[in-house]
Amino acid sequence: MIIFMNDAAPILELIDAFRRSKTMFTAVSLGIFDSERPPGAAIDRLLDACVGLGLLTKHEGRYVNTPLADEYLRRSSPRTLSGYIRYSNDALYRLWEHLDDAVIEGTHRWKQTFGTDGGVFTHLFRTPEAQRDFLMGMHGFGMISSPAVIAAFDLSRFTSFVDLGGATGHLALAARDRYPNLKATLFDLPSVIEVAKEHVGDEVSLVAGDFFADPLPAADLYAVGRILHDWTGAKIEVLLKRIYVSLPDNGGLLIAEKLLKEDRSGAVATHMQSLNMLVCTEGRERTLSEYSALLRGAGFREIEGRITGAPLDAVLALK
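**Student:** How would you summarise the nonpolar core if you had to cite specific residues and measurements?
**Tutor:** Across soluble globular proteins, you tend to see nonpolar side chains buried next to one another. Of all hydrophobic cores here, the largest spans 28 residues; its most connected members are Ile150, Leu155, Phe161 and Leu254. Elements with a minimum of two residues in this core: helix 8 (128-151), helix 9 (170-178), strand 4 (183-188), helix 10 (190-200), strand 6 (221-225), strand 7 (252-257) and strand 11 (313-318). If you tally residues by element for this core, the top one is helix 9, at 5 residues. When residues no more than four places from it in sequence are discounted, the contact partners of Leu155 are Ile150, Tyr179, Leu221, Leu254 and Leu316. The next biggest cluster of nonpolar side chains, apart from the first, holds 27 residues, and it includes Tyr222, Ile227, Ile236 and Phe300.

In structure tokens:
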């Protein structure tokens, strides 16, 4: 008699995990959650699989979005994640095929996968359509994360807020929602600012520029969300020093990133994101201690971190 000492379910679930992701990716790509039904000999298999995943319901042969899919997978939903899902399907899924090479060589896989140099932003901003898709993907994540990041600390002492590389302005809008008297500004590349105009209205000022090269708008609180994890420590030091010099005394820097536990035991989602940064950027996810070392090297003090429970955590540093 063969006795199995351990339940294989966790391993079987991991084997199956990419199939579930690809099913959702394909359904989003085909417009299934936008009531599109492309012809196909096996389309019913995809639809029934989405029922099994809890993304569609089926009644008398008619498929309807579940509330979850309607909120996050329908393209016209204000909270849609469909842009990031398309980016995951078209770019990340293919990059991750070469994770073994990335681990061995320690470098991203854009050249190997797509034959292009320049890394993630060269690829993502290659066309206006590609850029918009990526920005809208980040917008969906931001709508989930930004309120929690802003709520992580008492920011009432600050009067002016500039989100550096803030994409569609979701973090600046969350700051304004919580602190209505706060003057909020979004600073990003000119082509990004054009997309941001569709989302921020009159609540947030828009300034075009490159935070590595151009003067930063004056503020007593800067923010960088999903920015530092893109870069090497050396590039982060350059940006942090530019921010530090631009801040007044007692000014602050709010960082929105996933934080690894100090013993690197988790969280799993943070480790997965760190591997994602390996295949597509120069960067990685870090512990609070690692961010603190970079911040203190730039001159910051009184550094605190908060685990928010949202997809992004928060760090606040004072000058």
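**Student:** Can you tell me about a nonpolar patch on the surface, naming the residues and giving the values?
**Tutor:** Nonpolar side chains collect at one region of the surface, where Ile11, Leu12, Leu14 and Ile15 lie side by side and expose about 430 Å² of accessible area between them. Residue placement: Ile11 occurs in helix 1 (residues 9-29).

**Student:** Which residues make up the pairing of strand 10 (residues 301-306), and what are the values?
**Tutor:** Residues in a regular strand project their side chains so that they alternate between the two faces of the sheet. Direction of pairing for strand 10 relative to strand 11: antiparallel, over a ladder of 4 bridges. Within strand 11, the residue paired with Arg306 across the bridge is Ala314. Hairpin connection of strand 10 to strand 11: 6 residues between the antiparallel strands, including Gly309 at a positive phi of 85°.

**Student:** Lay out the pattern of salt bridges in plain terms, naming residues and giving numbers.
**Tutor:** It is possible for side chains bearing opposite charge to pair when their charged atoms get close. In the structure shown here, the tally under the stated rule is 15 salt bridges. Here Arg284 and Glu290 are joined by a salt bridge, their closest N and O atoms 3.3 Å apart. Arg284 gets classed as partly exposed once you look at its relative accessible area, which sits at 34%. Judged by relative accessible area, which is 22%, Glu290 ranks as partly exposed. What you see here is one network of salt bridges that share partners, running through Asp16, Arg19 and Arg20.

**Student:** I'd like a rundown of the sheet that holds strand 10, residues and numbers included.
**Tutor:** What links the strands of a sheet is backbone hydrogen bonding, and the strands pair in either a parallel or an antiparallel sense. Ordered by their spatial adjacency, 7 strands build an open sheet running 5-4-3-6-7-11-10, and the pairing between neighbours is mixed. What marks the edges here is a single partner per strand, and that holds for strand 5 (205-208) and strand 10. Each neighbouring strand pair of the sheet contributes to a mean axis angle of 20°, computed without reference to strand direction. Docked against the sheet, helix 11 (residues 233-246) engages strand 3 (160-164), strand 6 and strand 7, running at close to 160° with respect to strand 6. Here helix 13 (residues 288-298) sits on the sheet in contact with strand 7, strand 10 and strand 11, set at roughly 155° to strand 10.

**Student:** I'd love a proper account of helix 12 (residues 268-280), names of residues and values included.
**Tutor:** Owing to its 3.6 residues per turn, the α-helix brings residues three or four apart onto one side. The terminal C-alpha atoms of helix 12 lie 19 Å apart, and with 13 residues this matches the ideal 18 Å at 1.5 Å per residue to within 8%. Listed in full, the buried residues belonging to helix 12 are Thr270, Gln273, Ser274, Asn276, Met277, Leu278, Val279 and Cys280. In this structure, the buried side of helix 12 is in contact with helix 4 (82-95), helix 5 (99-105), helix 6 (110-114), helix 7 (120-124) and strand 8 (259-260).

**Student:** Any chance you could break down unusual backbone geometry for me, citing the residues and the numbers?
**Tutor:** Cis peptide bonds are those with omega within 30 degrees of zero, and the linkage from Gly266 to Ala267 qualifies with -5°. Tracing the chain through its elements places Ala267 in the loop between strand 8 and helix 12. Even without a glycine there, the phi angle at Arg264 is positive, about 60°. As for its position among the elements, Arg264 is in the loop between strand 8 and helix 12. Arg264 sits in the partly exposed class, given a relative accessible area of 39%.

**Student:** I'd like a rundown of the packing of aromatic side chains, residues and numbers included.
**Tutor:** Counted according to the given criterion, the structure contains 8 aromatic pairs. An aromatic cluster is built from Tyr84, Tyr87, Phe134 and Phe141, whose rings are joined through pairwise contacts. For the cation-ring pair, Lys22 lies above Tyr93, with the distance from its terminal atom to the ring centre recorded as 4.6 Å. We note Arg226 situated over the ring of Phe141; from NZ or CZ to the ring centre the distance is 5.2 Å.

What counts, and at which threshold
Residues numbered from 1 in each chain as written. Predicted model: local features only at pLDDT ≥ 70, side-chain atom pairs only at ≥ 80, totals over all residues. Heavy atoms only, no water. Core = buried A, V, L, I, M, F, W, Y, C linked by side-chain atoms within 4.5 Å. Buried < 20%, exposed > 50% of the residue type's maximum accessible area, 1.4 Å probe, protein only. Helix = DSSP H or I, 4+ residues; strand = E, 2+ residues; numbered from the N terminus. Contact = heavy atoms within 4.5 Å. Patch = residues over 30% accessible without salt bridge, like charges linked within 9 Å, V, L, I, M, F, W, Y side chains within 5 Å. Areas by Shrake-Rupley, 256 points an atom, 1.4 Å probe, with all protein chains shown as cover. Salt bridge = Lys/Arg side-chain N within 4 Å of Asp/Glu carboxyl O. Pairing = 2+ DSSP bridges. Axes fitted to C-alpha atoms, helices over the stretch in contact; angles between N-to-C directions. Expected span 1.5 Å × (residues − 1). Phe/Tyr/Trp six-rings, centres within 6.5 Å; stacked < 30°, edge-to-face > 60°. Lys NZ or Arg CZ within 6 Å of the ring centre and 35° of its normal.

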